[in-house]
Amino acid sequence: MSEDASSMRQSIVPLRLRGRDPAVAIAFGCILLLLLGGSIYSSNFLSPDYLLQQLKVASFLGVIATGMMMVILLGQIDLSVPWTVTAGAMMACAATAYGTSGSFLAIPFGIACGAGIGFVNGLAVAYLRIPSMIITLATNAVVQGLMVVYTGGFSPQDSASPAMRFLATGHMIPSVPNGVLVWLVVGILAVFLLIRTTFGRSLYAIGNRERAAYMSGIDTRRIALLAFVISGSLSALGGVLLAGYASKASQSMGDAYLLPSIAAVVLGGTHVLGGKGSYLGTVAGVILITLLQSILSVMQIEEAGRQLIYGVVIIGMLLLYGRQKLN
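Here is a short report on the structure shown in this document. Everything quoted here is computed from the prediction, not taken from an experiment. Residue numbering note: each chain is counted from 1, following its sequence as written. For this predicted model, a pLDDT threshold of at least 70 governs which residues receive local features, and a threshold of 80 or more governs which side-chain atom pairs are given and counted, while totals over whole chains, interfaces and linings are taken from all residues. Values shown for side chains rest on all heavy atoms present in the structure; no hydrogens or waters enter the calculation.

## A word on the overall build of the protein
Part 1 of the reasoning: Looking only at helices and strands, the protein features 14 helices and zero strands.
Part 2 of the reasoning: Going from N to C terminus, the protein has its helices and strands arranged as α-α-α-α-α-α-α-α-α-α-α-α-α-α.
Part 3 of the reasoning: Against the compact-globule benchmark of 20 Å for 327 residues, the protein has a radius of gyration of 20 Å, which places it among compact chains.
Part 4 of the reasoning: Taken along its principal axes, the extent of the C-alpha atoms in the protein is 75 × 50 × 35 Å.
Part 5 of the reasoning: Type-normalised accessible area, obtained with a 1.4 Å probe on protein chains alone, sets the label of each residue: buried when under 20%, exposed when over 50%, and partly exposed for intermediate values. For the protein, the residues scored as buried account for 48% of the 327 residues in total. Helix and strand assignments follow DSSP, with helices taken as H or I runs no shorter than four residues and strands as E runs no shorter than two, numbered in order from the N terminus. Atoms considered for the radius of gyration are the C-alpha atoms alone. The globule rule reads 2.2 Å times the number of residues to the power 0.38.

## Some remarks on the packing of helix H12 (residues 258–267) against helix H13 (residues 279–298)
Part 1 of the reasoning: Fitted lines through C-alpha atoms serve as axes, helices being fitted only where they are in contact, and the angles separating the N-to-C directions of these axes extend from 0 to 180 degrees. Running from N to C, H12 and H13 cross one another at 130 degrees; their axes reach a closest spacing of 7 Å. One element, H12, and the other, H13, form an angle in the oblique class. The handedness of the crossing between H12 and H13 is right-handed. Where H12 approaches H13, its residues Pro 260, Ala 263, Ala 264, Val 265 and Leu 267 are matched on the opposing element by Gly 281, Thr 282, Gly 285, Val 286, Leu 288, Ile 289 and Gln 293.
Part 2 of the reasoning: Considering only residue class, the contact of H12 with H13 consists of eight nonpolar, four polar and no charged. Angles below 35 degrees are treated as roughly parallel, those above 145 as roughly antiparallel, those between 65 and 115 as roughly perpendicular, and all remaining angles as oblique. Each helix crossing is assigned a hand: it is left-handed if the near helix lies turned anticlockwise from the far helix by less than a right angle, otherwise right-handed if that turn is clockwise. Here a residue-residue contact requires only that any non-hydrogen atoms of the pair lie within 4.5 Å. Polar here means any residue other than Ala, Val, Leu, Ile, Met, Phe, Trp, Tyr, Cys and Pro, which are nonpolar, and Asp, Glu, Lys and Arg, which are charged; Gly is therefore polar.

Shown next as structure tokens:
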């Protein structure tokens with residue numbers, strides 16, 4: 001009788017704590033500390049205009065990190081993000097060279113290119129059983145080569161379309177950048193997918209134990225394929241937003257988003273081995289990374305130092321969450 005009661009308590013406790021992930025609370029606590037610390041270096045750090053600017057910068061990373069979260073929930077990784085972002089931006093800008101119809105199709109064309117890259121990654125991981133770390137790194141190199149061939153090694157000459165610039169820097173709501181609204185829409189759709197759909201529940205199930213998920217009737221290969229397609233599409237959308245923000249695409253513009261996108265997801269409490277994580281945590285991680293970047297800029301820390309900090313944070317979380325997963 002006591003054993004039954006004990007097992008029942010063990011099954012009830014996780015349900016009660018499901019919405020109380022300590023990692024999310026810690027991430028938001030660190031955000032508050034960064035805000036207070038930043039205000040020491042600059043009196044304008046807590047001003048509404050500055051915070052809105054930081055939120056706009058965070059929206060680009062937030063869109064990319066959303067796709068990364070989908071893949072990490074599977075227990076996989078997507079290292080093709082840098083040049084998927086760049087390819088999405090370049091192809092969207094390239095479409096504008098074909099007149100009015102090209103400008104109209106620029107955004108969906110850029111996103112479609114990202115979806116194609118994600119499809120190749122997903123096909124290799126899900127159906128050919130190639131490790132995601134290997135195939136996505138190889139895909140990133142292939143896309144880089146294709147983009148260099150396309151541009152001849154020079155900076156792309158095509159400019160972003162007016163729709164791309166409006167999507168990234170315009171204001172449908174006064175004082176609220178459209179980029180933030182795009183992230184909001186992406187976030188709402190992501191939460192709906194993760195919580196309310198079979199696809200979302202399957203992501204968690206596969207991340208916890210792929211074989212058990214397969215035996216329960218889940219088409220694990222199709223789910224993995226869709227997750228990589230979503231990751232590629234959102235990485236390309238992030239590239240489209242970045243091109244709209246800068247008014248044109250540039251070589252290697254996505255390189256700065258690989259480590260931050262992984263760090264944001266991991267800092268938000270998503271297990272790097274899959275099966276556990278909340279989108280609220282990813283939002284907290286994105287804001288935390290963005291504020292950290294801002295403070296490092298204010299402190300005039302060089303890029304090498306920033307990458308060192310990202311690497312140390314990711315390694316620390318890998319060790320922490322990896323041990324928790326094994327236990």
